[in-house]
Amino acid sequence: GNSVTQMQGQVTLSEEEFLFINCTYSTTGYPTLFWYVQYPGEGPQLLLKVTTANNKGSSRGFEATYDKGTTSFHLQKASVQESDSAVYYCVLGGVSGSFNKLTFGAGTRLAVCP
Amino acid sequence: EAAVTQSPRNKVAVTGGKVTLSCNQTNNHNNMYWYRQDTGHGLRLIHYSYGAGSTEKGDIPDGYKASRPSQENFSLILELATPSQTSVYFCASGDAGAQDTQYFGPGTRLLVL
């Protein structure tokens, strides 16, 4: 079956530091990959997504690259702000043509100190 | 303006009681989903629906039923609530494609005593 692994449960940074969150996945075929972000008291919302057609996605200063060879989809940001404090989920979507059933990683809680 | 709303936002139930969680969406999406969120597990899919009148089992359906009476509304029903069902529940809506974004509601926090 499908699975997503996020080993970092918690990341603590100071403002303007570099962010790197690991994500690896296991599935058959070439799925769409997503990063969702969840702020306190809210539901998850899409941060960015990447399909096999474009390999790289970016949004609000965050970037992620789809690496089919290592089945990884790491999230990075050059300089974090306190407002980036949230939980980040790496999410495996469906293979093209299939029903869009999402598989979530366990999430990484980012705390950014001023 | 919020496109996916959930009610209630907080609920305390007793073991063995019936609980109904409601979700409404104004996105006009065909698909709707119910997830639960637990520490260490991310979000896990309980039930989903392709449209009015349809419900399908997700990855963890045991102990839950779902109802989709209309395009806009999707309910999650716990006929006999148990403490293990204490969690935060999220509803989402989306189009059917594998590349399509799902839009989540604000969640319902359920405590079963």
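For the structure itself, consult the block above.
Residues numbered from 1 in each chain as written. Chains lettered and ligands numbered in written order. Predicted model: local features only at pLDDT ≥ 70, side-chain atom pairs only at ≥ 80, totals over all residues. Heavy atoms only, no water.

Student: What exactly am I supposed to notice about the overall build of chain B here?
Tutor: Helix and strand content of chain B: zero helices and 11 strands. Walking chain B from its N terminus toward its C terminus, one meets helices and strands in the order β-β-β-β-β-β-β-β-β-β-β. For chain B, whose C-alpha radius of gyration is 13 Å, the value lies close to the compact-globule estimate of 13 Å for 113 residues. Taking the principal axes of the C-alpha coordinates as reference, chain B spans close to 40 × 30 × 30 Å. Put simply, chain B has 113 residues, and 50% of those count as buried. Pairs at least 24 residues apart make up 55% of the contacts formed inside chain B by residues separated by at least 6 positions. Looking at chain B as shown, the accessible area adds up to about 5,200 Å², and 49% of this sits on carbon and sulfur atoms. (Helix = DSSP H or I, 4+ residues; strand = E, 2+ residues; numbered from the N terminus. Rg over C-alpha atoms; globule rule 2.2 N^0.38 Å. Buried < 20%, exposed > 50% of the residue type's maximum accessible area, 1.4 Å probe, protein only. Contact = heavy atoms within 4.5 Å. Areas by Shrake-Rupley, 256 points an atom, 1.4 Å probe, with all protein chains shown as cover.)

Student: Please explain the interface of chain A and chain B as it appears in this structure.
Tutor: The figure often quoted for interface size is the accessible area lost as the parts come together. Every contact between the two is made by 24 residues of chain A and, on the other side, 25 residues of chain B. Where the side of chain A that touches chain B is concerned, the elements lending two or more residues are β5 (31-38), β6 (45-50) and β10 (86-95) of chain A. Sorting elements by how many residues they give to the side of chain A that touches chain B places β5(A) first, with four residues. Residue composition of the side of chain A that touches chain B, grouped by class: 10 nonpolar, 11 polar and three charged. (Nonpolar A, V, L, I, M, F, W, Y, C, P; charged D, E, K, R; others polar.)

Student: I tried to follow the nonpolar core on my own but got confused; where do I start?
Tutor: Most often, soluble globular proteins keep nonpolar side chains buried together rather than apart. Ranked by size, the top nonpolar core spans 26 residues in total, and within it A:L19, A:W35, A:L47, A:L48, A:F73, A:L75 and A:Y88 carry the most contacts. Residue assignment for this core shows that the elements contributing at least two residues are β2 (10-14), β3 (19-21), β5, β6, β8 (62-65), β10 and β12 (108-113) of chain A. It is β10(A) that provides the largest number of residues to this core, a total of four residues. With sequence-adjacent residues up to four places away left out, A:L19 is seen in contact with A:V11, A:L13, A:F62, A:L75, A:Q76, A:K77, A:V80 and A:L110. Ranked by size, the runner-up nonpolar core spans 18 residues in total, among them B:V4, B:A13, B:V19 and B:A66. (Core = buried A, V, L, I, M, F, W, Y, C linked by side-chain atoms within 4.5 Å.)

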